[in-house]
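Structural overview
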Amino acid sequence: MPPATAGILSTGTEILQGLYPDTNAQWLAGRLTAAGITVRRVMAAPDEADAVADALRFLSDRCDLVIMTGGLGPTEDDLTRQAVCQVFGSQLAEDARAWEMILERFTRRGTPPPASNRVQCMIPKGARTLYNLWGTAPGFVIEAATTGASRSVAVDGADQNGAVEGPRHSASPTWFVALPGPPRECRPMFEQYLEAEIAQRFGGGVASRILTLHTYGVSESALNDLLHPLFADLRGDPWRTLAFLAGEARVDIRLTVRGQGAAEMRKRLAPLVARIRRRVPADCFYGTDDETLEAVAGRALAQRGLTLATAESCTGGLVAKRLTDVPGSSDYLREGWVTYSNEAKQHRLGVAAATLRRHGAVSEETAREMALGALRESGADVAVSVTGIAGPAGGTGEKPVGLVWYGLAWRERRLRGIAAADDALGLGVTRVGALRVAATQTNFRSTRDLVRIYASHRALDLVRRLALGLPLCLPR
Ligand code: ATP
């Protein structure tokens, strides 16, 4: 049996006006996916009964389970209840216990409830009330037949509190769940009342596992070309999906597999990972799931007993900041400089005045001398430097905004047997006595913030590559 499908409907005109993000849908989608259910649609509807009813019909025709959030409040624009009745031809009836709970809540506060709160206790006939211990609006669950005109509330027997309209679609009843909008109410209600039942009823013992492979240095479109045959094979496969997620300086390949238990999921995942790894250059993968580039670069240094120094200009310390975000980074990070002015580059790192005059602060020569200076001053085994034009001003025809030069220097003796051979590094390596230095550039045309983030990424990736014995150049 393929996994059950779900649709999520968030109501609220403010969501459609961009006033707050739809975090309910994001959260619910994660929970349902983890329960082995395929989320097929996420929709948002304005606070209008017709629009909500339309969306409900659309989802109910396509999904085994529909979860709505919002619109259960006491005000005129809270119309979920009416929309549900419109779709199911049902009527509202007061749930006495829900009203008691609201009274108790207000009694504790020492004020009588406003009359408008009473409308919150009106629940569609035939629905199961989800009592709200975290706020005022109760939610509800309706089990319904969903075959076009015969869409109706399913009630077992005449003694239930509603009339049965139309035949029950007992083979695959659609579940409609309505939850209040505030996340602090909707989340605990889902967890407490629904999660286990939904997993048992719709998950069919199926669980899902998401594996994220982080890549750097290969574009989303290049990845798409490389993995095109795999995409074609997986189209329509309910058990395995592949997606790209382009981040600020990386592209993630996200694999979702479903299965009955860990062994089955592993069996589905392993060949997919192998196929992806065969097609994408291996040095572009830097980590999985929660691993960050700074943690991976740091671990590579630590495992080889290497230490690092940083010399930064346009990134203003971002490389050092990211490295020190990782607990335990004092094991390998010696020190870092932010040499923003030419004077600082000269006085702190020994960059020659003539180099700056002749080639400028953003140049291959300056980047090399910054890295060499940081290596000598710190006594570290590896030093990385960054100097670039973050913008928005300061660019020229020859050196546009976004141009960044990187230097990487290391002690040959300490990196012997670790780093790839000089001619395999893919960048010209210069020998300066017992030291080695290489330089490279990138040109990310983007905003100041992004140029700096991209630059910190490339700098960290250079360190990772050197410490892992990989080529320093990116694949073409
Ligand atoms: P209440 O009883 O509080 O009125 P409600 O069910 O009517 O609950 P809404 O009025 O739709 O909920 O939303 C109340 C608040 O909950 C919103 O102002 C917003 O802060 C938050 N909220 C609603 N829907 C979402 C959503 N999809 N994602 C994140 N926050 C939401």
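A quick note: this is a predicted structure, and the numbers were derived from the prediction, not measured. Residue positions are given per chain, counted from 1 along the sequence in the order it is written. This being a predicted model, a pLDDT of at least 70 is required before a residue's local features are given, and a value of 80 or more before pairs of side-chain atoms are given or counted; all residues contribute to the totals for chains, interfaces and linings. For the side-chain quantities, the full set of heavy atoms in the structure was used; hydrogens and water were omitted.

1. Some words on the site of the ligand
Neighbouring the ligand are 19 residues; Asp-22, Leu-72, Gly-73, Asp-78 and Gly-181 lie closest to it. For the ligand, a nitrogen atom lies 3.2 Å from a polar atom in the backbone of Asn-24. The backbone of Leu-72 places a nitrogen or oxygen atom 3.0 Å from an oxygen atom of the ligand. Classification convention: Asp, Glu, Lys, Arg as charged; Ala, Val, Leu, Ile, Met, Phe, Trp, Tyr, Cys, Pro as nonpolar; all other residues, Gly among them, as polar. In the shell around the ligand, the residues fall into eight nonpolar, nine polar and two charged. Here, proximity means that at least one heavy atom of the residue falls within 4 Å of the molecule or strand. Under this definition, polar contacts are N or O atom pairs within 3.5 Å; protein pairs additionally need one hydrogen-donor-capable and one acceptor-capable atom, and for neighbouring residues in sequence, both atoms have to be side-chain atoms.

2. A few points about the packing of helix α7 (residues 220–234) against helix α8 (residues 262–279)
Two quantities define a packed helix pair, namely the angle between the axes and the distance from one axis to the other. Orientation of α7 relative to α8, taken along the N-to-C sense of each, is 155°, at an axis distance of 8 Å. Considering their axes alone, α7 and α8 lie roughly antiparallel with respect to each other. Between α7 and α8 lies a crossing whose hand is right-handed. Where α7 abuts α8, its residues Leu-226, Leu-227, Pro-229, Leu-230, Asp-233 and Leu-234 lie against Leu-272, Arg-275, Ile-276 and Arg-279. Among the residues making up the contact of α7 with α8, the classes are represented as seven nonpolar, no polar and three charged. Helix axes are fitted to C-alpha atoms over the stretch in contact, other axes to C-alpha atoms as well, and angles between N-to-C directions run from 0 to 180 degrees. Put simply, DSSP H or I for four residues or longer makes a helix, DSSP E for two residues or longer makes a strand, and each gets a number counted from the N terminus. An angle below 35 degrees is read as roughly parallel, one above 145 as roughly antiparallel, one from 65 to 115 as roughly perpendicular, and any other as oblique. Take the far helix as the reference: if the near one is turned anticlockwise from it by less than a right angle, the crossing is left-handed, and if turned clockwise, right-handed. Should any heavy atoms of two residues lie within 4.5 Å, those residues are considered in contact.

3. Some thoughts on the sheet that holds strand β14 (residues 308–312)
Pairing within the open sheet is mixed, and its six strands lie in the order β15-β14-β16-β17-β19-β18. Since the sheet does not close on itself, it has two edges, and those belong to β15 (333–338) and β18 (429–432), each with one partner. Adjacent strand axes in the sheet meet at a mean angle of 15° when their direction is disregarded. Note: two strands are recorded as paired if DSSP finds a minimum of 2 bridges between them. Bridge count between β14 and strand β16 (residues 382–388): five bridges; the pairing is parallel.

4. Describing α8
A helix is expected to span 1.5 Å for every residue after the first. Here α8 spans 26 Å end to end across 18 residues, near enough to the 26 Å set by a 1.5 Å rise per residue. Only protein chains enter the accessibility calculation, which uses a 1.4 Å probe; a residue whose area is less than 20% of its type maximum is buried, one above 50% is exposed, and one in between is partly exposed. Taken together, the buried positions of α8 are Met-265, Leu-269, Leu-272, Val-273 and Ile-276. Turning to α8, the residues buried within the fold contact β10 (207–215), α7, β11 (240–246), β12 (251–259) and β13 (285–288).

5. Thoughts on the state of the cysteines
Cysteine sulfur pairs qualify as disulfides if the two atoms are within 2.5 Å. Tallying each qualifying case throughout the model produces zero disulfides. Cys-63 takes part in no disulfide bond, and the closest cysteine sulfur, belonging to Cys-186, lies 18 Å away. For Cys-63, a relative accessible area of 4% puts it in the buried group.

6. A word on the pairing of β18
Within a regular strand, the side chains alternate between the two sheet faces. One ladder, built from four bridges, connects β18 with strand β19 (residues 435–443); its direction is antiparallel. By the bridge assignment for β19, Val-432 is matched with Leu-435. Linkage of β18 to β19, two consecutive antiparallel strands, is achieved through a turn of two residues, within which Gly-433 is found at a positive phi near 60°.

7. Details of the environment of Gln-441
Considering the arrangement of structural elements, one finds Gln-441 in strand β19. With a relative accessible area of 40%, Gln-441 lands in the partly exposed category. Once the C-alpha coordinates of Gln-441 and Glu-364 are considered, the two residues, 77 residues apart in sequence, prove to be 7.7 Å apart. If sequence neighbours within four positions are ignored, Gln-441 has contacts with Leu-403, Val-404, Trp-405 and Tyr-406.

8. Considering the packing of aromatic side chains
Note on aromatic contacts: the rings of Phe and Tyr and the six-membered ring of Trp form a pair at centre separations within 6.5 Å, being stacked when their planes are under 30 degrees apart, edge-to-face when over 60 apart, and tilted otherwise. For the structure shown, the criterion picks out six aromatic pairs. For the pair Phe-88 and Phe-176, a centre-to-centre distance of 4.6 Å together with 70° between the ring planes defines the contact as edge-to-face. Here the residue Phe-88 occupies a position in helix α4 (residues 80–88), and Phe-176 occupies one in strand β9 (residues 174–179), the gap between them amounting to 88 residues. Given the relative accessible area of 1%, Phe-176 is considered buried. Ring centres 5.3 Å apart and planes at 85° place the aromatic pair Phe-231 and Phe-244 in the edge-to-face group. A residue pair is termed long-range when its members are at least 10 positions apart, and Phe-231 in helix α7 and Phe-244 in strand β11 qualify at 13 residues. What makes Phe-244 buried here is its relative accessible area of 14%. Here, over-ring charges are defined by two tests on the NZ atom of lysine or the CZ atom of arginine: distance to the ring centre within 6 Å, and angle to the ring normal within 35 degrees. Residue placement shows Arg-62 over the ring face of Phe-58; its charged tip is 3.7 Å from the ring centre. One Lys or Arg, Arg-277, reaches over the ring of Phe-285 and ends 4.7 Å from the middle of that ring.

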